[in-house]
Amino acid sequence: MTSGGVVQRSIRFVAIGLVGDLIAWPVWWYTRGLIRVARALVTVIRTEARRLSLRVWLANLWSPMYGQSDWQGRAISVVMRLMVLVFRLLVLMLWSLGLSLLLVAWVLLPPVILWQISLQLIGIGGWGGI
């Protein structure tokens, strides 16, 4: 076999592989890739909920702090624990919102990139000439 045949076959092999990858990539991005990212984000949210100890705070909401079992101690304990629980829930909601925005960015990234490439190809310039 001549070296020209090896080069041609190598180029054909790489070109077919490249075209196949370019065709398969969007399918992966919006199916298995999206599922992987969503599962990872759910895992991060669950880990954050565990880190914030929401179940512990909720389970101990009605128990008195520092062993003070009179009504004033119980009232102060409930109010303080409720405030802490609300703050921690707010932190978890903001964390979840941020991660949800990352998931939206995952979905929107390829169309935005293609749109920017098309703007560059037709000469508009994209982000205001930046």
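Residues numbered from 1 in each chain as written. Predicted model: local features only at pLDDT ≥ 70, side-chain atom pairs only at ≥ 80, totals over all residues. Heavy atoms only, no water.

K.L.:
Before we go on, may I ask you to explain the pattern of salt bridges in this structure?
P.N.:
Where charged atoms of side chains with opposite charge meet at close range, the side chains can pair. By the definition in use, this model includes one salt bridge. Arg51 serves as the salt-bridge partner of Glu48, at 2.6 Å between the closest nitrogen and oxygen. With Glu48 and Arg51 both in helix H2 (residues 32-51) and three residues apart, the pair spans about one turn of that helix. Relative accessible area serves as the criterion here: at 9%, Glu48 is assigned to the buried category. Classification of Arg51 by relative accessible area gives exposed; the value is 55%. (Salt bridge = Lys/Arg side-chain N within 4 Å of Asp/Glu carboxyl O. Helix = DSSP H or I, 4+ residues; strand = E, 2+ residues; numbered from the N terminus. Buried < 20%, exposed > 50% of the residue type's maximum accessible area, 1.4 Å probe, protein only.)

K.L.:
I tried to follow the environment of Arg12 on my own but got confused; where do I start?
P.N.:
Following the sequence through the fold, Arg12 ends up in helix H1 (residues 3-30). Between the alpha carbons of Arg12 and Tyr30 there is a distance of 28 Å; along the sequence they are 18 residues apart.

K.L.:
Can you help me understand unusual backbone geometry in this one?
P.N.:
Only a minority of non-glycine residues have a phi that is not negative, and only a minority of peptide bonds are not trans. One non-glycine residue, Ser53, adopts positive backbone phi at about 55°. Locating Ser53 in the fold gives a position in the loop between H2 and helix H3 (54-59). For Ser53, a relative accessible area of 26% puts it in the partly exposed group.

K.L.:
What am I meant to see in the environment of Leu82 here?
P.N.:
Tracing the backbone shows Leu82 in helix H4 (residues 71-122). In this structure the C-alpha to C-alpha distance between Leu82 and Leu54, which are 28 residues apart in sequence, comes to 11 Å.

K.L.:
I would appreciate a short explanation of the packing of H2 against H4 in the present structure.
P.N.:
Helix-helix packing: each pair is described by the crossing angle between the helix axes and the interaxial distance. H4 packs onto H2 with a crossing angle of 170° between their chain directions and a minimal axis gap of 10 Å. Taken together, the axis directions place H2 and H4 in an arrangement best described as roughly antiparallel. For the pair H2 and H4, the contacting residues are Gly33, Leu34, Val37, Ala38, Leu41, Val44, Ile45, Glu48, Ala49 and Arg51 in the first and Arg88, Val91, Leu92, Trp95, Ser96, Leu99, Leu103, Trp106 and Val107 in the second. In terms of residue class, the contact of H2 with H4 is made up of 14 nonpolar, two polar and three charged. (Axes fitted to C-alpha atoms, helices over the stretch in contact; angles between N-to-C directions. Parallel < 35°, antiparallel > 145°, perpendicular 65-115°, else oblique. Contact = heavy atoms within 4.5 Å. Nonpolar A, V, L, I, M, F, W, Y, C, P; charged D, E, K, R; others polar.)

K.L.:
Would you explain the packing of aromatic side chains in this entry?
P.N.:
When we look at a pair of aromatic rings, we describe it by the centre distance and by the angle of the planes. Per the counting criterion, the structure on display carries four aromatic pairs. Both rings, one in Trp25 and one in Trp29, keep their centres 5.1 Å apart while their planes meet at 45°; by these two values the pair is tilted. Of this pair, Trp25 and Trp29 are both found in helix H1, four residues apart, which corresponds to roughly one turn of the helix. With a relative accessible area of 38%, Trp25 lands in the partly exposed category. (Phe/Tyr/Trp six-rings, centres within 6.5 Å; stacked < 30°, edge-to-face > 60°.)

K.L.:
Quick question: what am I supposed to make of H2 here?
P.N.:
Side chains of residues three or four places apart in an α-helix project in the same direction, reflecting 3.6 residues per turn. Its 20 residues place the ends of H2 28 Å apart at the C-alpha level, agreeing with the 28 Å of an ideal helix rising 1.5 Å per residue. For H2, the full list of buried residues reads Gly33, Val37, Leu41 and Glu48. Angularly, the buried residues of H2 cover 65° about the axis, an arc narrow enough to put them on a single face. With respect to the buried face of H2, the exposed residues turned more than 90 degrees away are Arg32, Arg36, Arg39, Arg46 and Arg50. (Expected span 1.5 Å × (residues − 1). Arc of directions from axis to C-beta.)

K.L.:
Teacher, can you tell me more about the environment of Ile113 here?
P.N.:
Relative to the assigned elements, Ile113 resides in helix H4. Relative accessible area serves as the criterion here: at 42%, Ile113 is assigned to the partly exposed category. With 24 residues separating them along the chain, Ile113 and Leu89 place their C-alpha atoms 36 Å apart.

It is worth stressing that arrangement in space is one thing and function is another; only the former is reported here.
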